[in-house]
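# Coordinate analysis (summary)
For reference, the chains in residue letters:
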Amino acid sequence: MDLSYTAEEEAFRREVQEWLAANLPEEWRYRGVGGYREERDQDIQREWQRRLHRGGWLQLGWPRERGGRGATPVMQAIYAEEMAKAGAPPILGRLGVTLLAPLLSVYGSEWQQRTYLDRILSGDLIFCQGFSEPNAGSDLAGLQSRAERRDGHWVLSGQKTWSSGAHYADRSFLLARTDPSAPPHRGIGMFLVDMHQPGVEVRPIVQMTGSGEFCEIFLSEARVEDRDLVGGPTDGWRMAMATFGFERGGLANAARFERAVSALADLARDRGVGADPLVRQRVAQARIESHVFRVNDLRSLTRAQQGQVPGPEASLTKLFWSEMDKRLQETAVAIQGMYGALAPGSPWAVEEGRWQYGWYWAQAETIYAGSSEIQRNIIAERVLGLPRGR
Ligand SMILES: Cc1cc2nc3c(=O)[nH]c(=O)nc-3n(C[C@H](O)[C@H](O)[C@H](O)COP(=O)(O)OP(=O)(O)OC[C@H]3O[C@@H](n4cnc5c(N)ncnc54)[C@H](O)[C@@H]3O)c2cc1C
């Protein structure tokens, strides 16, 4: 493994830094771990996505003939690192950009690619993900929403839940059962559903963070044209698995955690507990874990550079960072002593309560994109080769 950057990669890093300096206003930057302002800042996130798209940064890895930059995995990692270091906000259409666009670029029809790809990247069309249902989360193949073929189109009915951003989404990429008589994994289709139609009702769910980031979706005879079916009528499971590959492979990067650990050390100093041996131990532990994460990141990067796609070991990455972030946020709240009990936004809260918000949010990280228990099952069976649990 060669850990040094080439002259071309260093030049690319400078290009990203210069672009950020010119295009990312100071007041948009997240301090430390981010998260807290996420719900309040939809306009910023939309405009930020537009700027990134115009700059050609959202399709970095795509070949030049498809409007991308043909960037290597190392360049993509440099880009992600510089974004994290600069405290760049998230983009509003992140599920469409990070999950659906790569999926459509491989499996989408020519019509779907032409109609959707550019609008997804530009933020003109925001997509949410409609996979989970009240009785189908980890056991996704148990989903019950139905899609029936009627008069030359599809009619969808059922209930989805935990759908992030559904309250501002224009479309959903959604799984529904097309063949109830087929085995669970085989009779599922993936549909691109227009959220602004009479058969779709969205109800935000308020989370313990206090914001309603995700939603229930009720489908009553929602209509979908044939051309909005991704793959074939029973290809939905394969499509879903492909999106999970993009999701687990690309959720976090080491720079984000290193930044958070520095902010944690600052917090300990500012609160006057930097010399406390127990606090020092926990902050040092957070630093060690972020370093372990970076080394593991480099291993994934080496695989990507060699043209290998993320395998089941992506579960190690997801498990590690989500559990690590929970510990880090908990340390930050503990450092504040009694102030740690103040709700985000309280006038007396330390740093506007953003660490408390981060702590609440971190509880979700070990659930979405496959819970920690599910990741451990995958690691046990598919990385370590242990027999299947019952
Ligand atoms: C913040 C957030 C955003 C989300 N956004 C979306 C979204 O945009 N779109 C979407 O479709 N979904 C979304 N989800 C849903 C997410 O994918 C599910 O919450 C997740 O798959 C777990 O499913 P569940 O909540 O039904 O829990 P369950 O599957 O019911 O699990 C309950 C508990 O049992 C454990 N468990 C389940 N099965 C096993 C097993 N076989 N072995 C061991 N333990 C097991 C789980 O680990 C968990 O602790 C989001 C969730 C969160 C928290």
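Provided above is the structure to which this section pertains.
Residues numbered from 1 in each chain as written. Predicted model: local features only at pLDDT ≥ 70, side-chain atom pairs only at ≥ 80, totals over all residues. Heavy atoms only, no water.

## Points about the pattern of salt bridges
Under the criterion given, the structure shown has 28 salt bridges. Arginine 13 is the partner of glutamate 10 in a salt bridge, and the nearest nitrogen-oxygen pair spans 4.0 Å. Of this pair, glutamate 10 and arginine 13 both sit in helix α1 (residues 7-23), 3 residues apart, which is roughly one turn of the helix. Under the relative-accessibility criterion, glutamate 10 is labelled partly exposed at 29%. Its salt-bridge partner being arginine 149, residue aspartate 226 comes within 2.8 Å of it at the nearest N-O pair. Remark: arginine 149 occurs in strand β2 (residues 146-150) and aspartate 226 occurs in the loop between β7 (214-225) and β8 (229-230); sequence separation between them is 77 residues. Among the charged side chains, a salt-bridge network with shared partners connects Glu10, Arg13, Glu81, Glu82, Lys85, Glu258 and Arg294. (Salt bridge = Lys/Arg side-chain N within 4 Å of Asp/Glu carboxyl O. Helix = DSSP H or I, 4+ residues; strand = E, 2+ residues; numbered from the N terminus. Buried < 20%, exposed > 50% of the residue type's maximum accessible area, 1.4 Å probe, protein only.)

## What to know about the packing of aromatic side chains
As enumerated under the stated definition, the model contains 17 aromatic pairs in all. Between tyrosine 116 and phenylalanine 127, the ring centres sit 5.8 Å apart and the planes meet at 85°, which makes this aromatic pair edge-to-face. Residue tyrosine 116 is found in helix α5 (residues 110-122), and its partner phenylalanine 127 is found in strand β1 (residues 127-130); the two are separated by 11 residues along the sequence. One exposure class covers both tyrosine 116 and phenylalanine 127, and it is buried. Taking NZ or CZ as reference, arginine 69 lies 3.8 Å from the ring centre of tryptophan 57, over its face. One residue, lysine 318, lies across the ring of tyrosine 368, its end atom 5.7 Å from the ring centre. (Phe/Tyr/Trp six-rings, centres within 6.5 Å; stacked < 30°, edge-to-face > 60°. Lys NZ or Arg CZ within 6 Å of the ring centre and 35° of its normal.)

## A short note on the side chain of glutamate 9
Positionally, glutamate 9 belongs in helix α1. For the buried glutamate 9, which has no salt bridge, the nearest side chain bearing the opposite charge is arginine 13, at an N-O separation of 7.8 Å. Apart from residues no more than four positions distant in its own chain, glutamate 9 is found in contact with Ser4, Val74, Met75 and Ile78. (Lys, Arg positive; Asp, Glu negative; His and termini not counted. Contact = heavy atoms within 4.5 Å.)

## Brief notes about unusual backbone geometry
Despite not being glycine, aspartate 151 has its phi angle at roughly 50°, a positive value. Relative accessible area serves as the criterion here: at 74%, aspartate 151 is assigned to the exposed category. Positive phi values are uncommon outside glycine, yet alanine 369 reaches one of about 55°. Relative to the helices and strands, alanine 369 resides in the loop between α10 (354-365) and α11 (372-383). With a relative accessible area of 10%, alanine 369 lands in the buried category.

## Description of the nonpolar core
A general feature of soluble globular proteins is that nonpolar side chains tend to end up buried together. Counting 52 residues, the largest nonpolar core has Trp48, Leu52 and Phe173 as its most contacted members. Among the secondary structure elements, those contributing two or more residues to this core are α1, α2 (42-54), α3 (73-86), α4 (94-107), α5, β4 (171-177), β5 (188-194) and α6 (236-249). Of the residues forming this core, the biggest block, 7 residues, is contributed by α4. A domain-level breakdown of this core finds at least three residues from each of domain 1 (7-92) and domain 2 (127-244). Residue contacts for leucine 52: discarding those within four places in its chain leaves Trp19, Trp57, Leu58, Tyr79, Met83 and Ile91. Core analysis: the next-biggest nonpolar cluster, separate from the first, contains 18 residues, Leu174, Val200, Ile217 and Ala222 among them. (Core = buried A, V, L, I, M, F, W, Y, C linked by side-chain atoms within 4.5 Å. Domains from an automatic or database assignment.)

## Considering α10
Under the 1.5 Å per step criterion, the end-to-end length of α10 is 16 Å for 12 residues, consistent within 8% with the ideal 16 Å. The set of residues buried in α10 consists of Arg354, Trp355, Gln356, Tyr357, Gly358, Trp361, Ala362 and Glu365. Against α7 (254-270) and α9 (314-335) lie the buried residues of α10. (Expected span 1.5 Å × (residues − 1).)

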